[in-house]
Amino acid sequence: MKIVVGCDHGALELKEHVKKILAEYKDIEVEDIGTYTPDSVDYPDIAEKLCAQITSGKAERGIAMCGTGIGISIACNKIKGIRAALCYDVYSAKKSRQHNNANVLNMGGRNMGLGPAEEIVRAWLEEPFEGGRHQRRIDKIAALEGK
Ligand code: RB5
């Protein structure tokens, strides 16, 4: 599975930590679309670049981060085909996979310690989508994209 990672200037350290975690998974290929320096950038630009990798089929999933995770989550969810989940705990991370088949995980670099973030990333990576009634609901989300 290919996973694309990206962040604004508010989550540089977190992105580096996430990349270290992902490197432990032999079946995961990682692409880092930036940002790469502490210079200020606009998180919607990062969201657009990261999500394009997923909607084009070049990557299966993404981890997108900003200072709080909020702005980049809002931006990612504007893009057709993206189901981005802002997770501050392991329970939400697991549910976002089981029930929402989230293809993007959002976290905040300024409100999340590296330890809790690591637990969230591992849970999100390893938890499968349950399908069934949840697929019906996801289909209804997709239908909302055209409204
Ligand atoms: C950037 O200063 C900050 O607004 C951004 O990282 C994020 O927290 C927005 O939601």
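Preceding block: the structure.
Residues numbered from 1 in each chain as written. Predicted model: local features only at pLDDT ≥ 70, side-chain atom pairs only at ≥ 80, totals over all residues. Heavy atoms only, no water.

1. Here we look at the packing of aromatic side chains
Phase 1: Summed over the entire model, instances satisfying the criterion amount to zero aromatic pairs.
Phase 2: The side chain of Arg61 reaches across the aromatic face of Trp124, ending 4.7 Å from its centre. (Phe/Tyr/Trp six-rings, centres within 6.5 Å; stacked < 30°, edge-to-face > 60°. Lys NZ or Arg CZ within 6 Å of the ring centre and 35° of its normal.)

2. A short note on the side chain of Arg61
Phase 1: Mapped onto the fold, Arg61 is located in strand β3 (residues 61-66).
Phase 2: There is no salt bridge for the buried Arg61, and the closest opposite charge comes from Glu60, which lies 7.7 Å off by N-O distance.
Phase 3: Polar side-chain contacts of Arg61 include one of 3.0 Å to the backbone oxygen of Trp124.
Phase 4: Among the polar contacts made by the side chain of Arg61, one reaches the main-chain carbonyl oxygen of Leu125 at a distance of 3.5 Å.
Phase 5: Residues in contact with Arg61, not counting those within four places in the same chain, are Met1, Lys2, Ile3, Val4, Ile54, Arg97, Ala102, Asn103, Trp124 and Leu125. (Helix = DSSP H or I, 4+ residues; strand = E, 2+ residues; numbered from the N terminus. Buried < 20%, exposed > 50% of the residue type's maximum accessible area, 1.4 Å probe, protein only. Lys, Arg positive; Asp, Glu negative; His and termini not counted. Salt bridge = Lys/Arg side-chain N within 4 Å of Asp/Glu carboxyl O. Polar contact = N/O pair within 3.5 Å; in protein donor to acceptor, adjacent residues only side chain to side chain. Contact = heavy atoms within 4.5 Å.)

3. Focus: the nonpolar core
Phase 1: In terms of nonpolar packing, the biggest core is built from 26 residues, with Val18, Leu22, Ile63, Met107 and Val121 touching the most fellow members.
Phase 2: When contributions to this core are tallied by element, the ones reaching two or more residues are β1 (2-7), α1 (12-23), β3, β5 (104-108) and α5 (114-126).
Phase 3: It is α5 that provides the largest number of residues to this core, a total of six residues.
Phase 4: The residues touching Leu22, leaving out its near neighbours within four places in the chain, are Ile3, Val5, Ile28, Val30, Ile63, Val121 and Leu125.
Phase 5: Core analysis: the next-biggest nonpolar cluster, separate from the first, contains 16 residues, Ile33, Ile46, Ala59 and Ala84 among them. (Core = buried A, V, L, I, M, F, W, Y, C linked by side-chain atoms within 4.5 Å.)

4. Quick notes on the pattern of salt bridges
Phase 1: As enumerated under the stated definition, the model contains seven salt bridges in all.
Phase 2: Glu16 is paired through a salt bridge with Lys19; the nearest N and O atoms lie 3.3 Å apart. Here Glu16 and its partner Lys19 are both found in helix α1, three residues apart, which amounts to about one turn of the helix.
Phase 3: A salt bridge links Asp32 to Lys19, with the nearest nitrogen and oxygen atoms 2.7 Å apart. One end of the pair, Asp32, is in strand β2 (residues 29-32); the other, Lys19, is in helix α1, with 13 residues separating them in the sequence.
Phase 4: Where salt bridges share partners, they join Lys15, Glu16, Lys19 and Asp32 into one cluster.

5. With respect to the packing of α1 against α5
Phase 1: For the pair α1 and α5, the least separation of the axes is 10 Å and the interaxial angle reads 45°. It follows that α1 is oblique to α5 by the angle criterion. Considering only the axes of α1 and α5, their crossing is right-handed. Counting all contacts with α1, which are made through Glu13, Leu14, His17, Val18, Ile21 and Leu22, the residues of α5 involved are Leu114, Ala117, Glu118, Val121, Arg122 and Leu125. (Axes fitted to C-alpha atoms, helices over the stretch in contact; angles between N-to-C directions. Parallel < 35°, antiparallel > 145°, perpendicular 65-115°, else oblique. Left-handed = near helix turned anticlockwise from the far one by under 90°.)

6. Quick look at the layout of surface pockets
Phase 1: Taken as a whole, the largest pocket spans an internal volume of roughly 220 Å³.
Phase 2: Forming the boundary of the largest pocket are Asn77, Lys78, Lys80, Ile82, Arg83, Ala84, Asn100, Ala102, Ile141 and Glu145.
Phase 3: For the lining of the largest pocket, the per-class residue count stands at four nonpolar, two polar and four charged. (1 Å grid on protein atoms, 1.4 Å probe; cavity = no way out; pocket = protein on both sides within 12 Å on 5 of 7 lines; lining within 4 Å. Points joined across faces, edges and corners; volume = space filled by probe spheres on them. Nonpolar A, V, L, I, M, F, W, Y, C, P; charged D, E, K, R; others polar.)

7. Description of the environment of Met1
Phase 1: Take Met1: it is sitting in the segment before β1.
Phase 2: Residue class for Met1 comes out partly exposed when judged on its relative accessible area of 36%.
Phase 3: Put simply, Met1 and Glu60 are 59 residues apart on the chain and 6.3 Å apart in space, counted from C-alpha to C-alpha.
Phase 4: Every residue in contact with Met1, bar those within four places of it in the chain, is listed here: Asp27, Ile28, Glu29, Glu60 and Arg61.

Shape descriptors only; they carry no functional weight alone.
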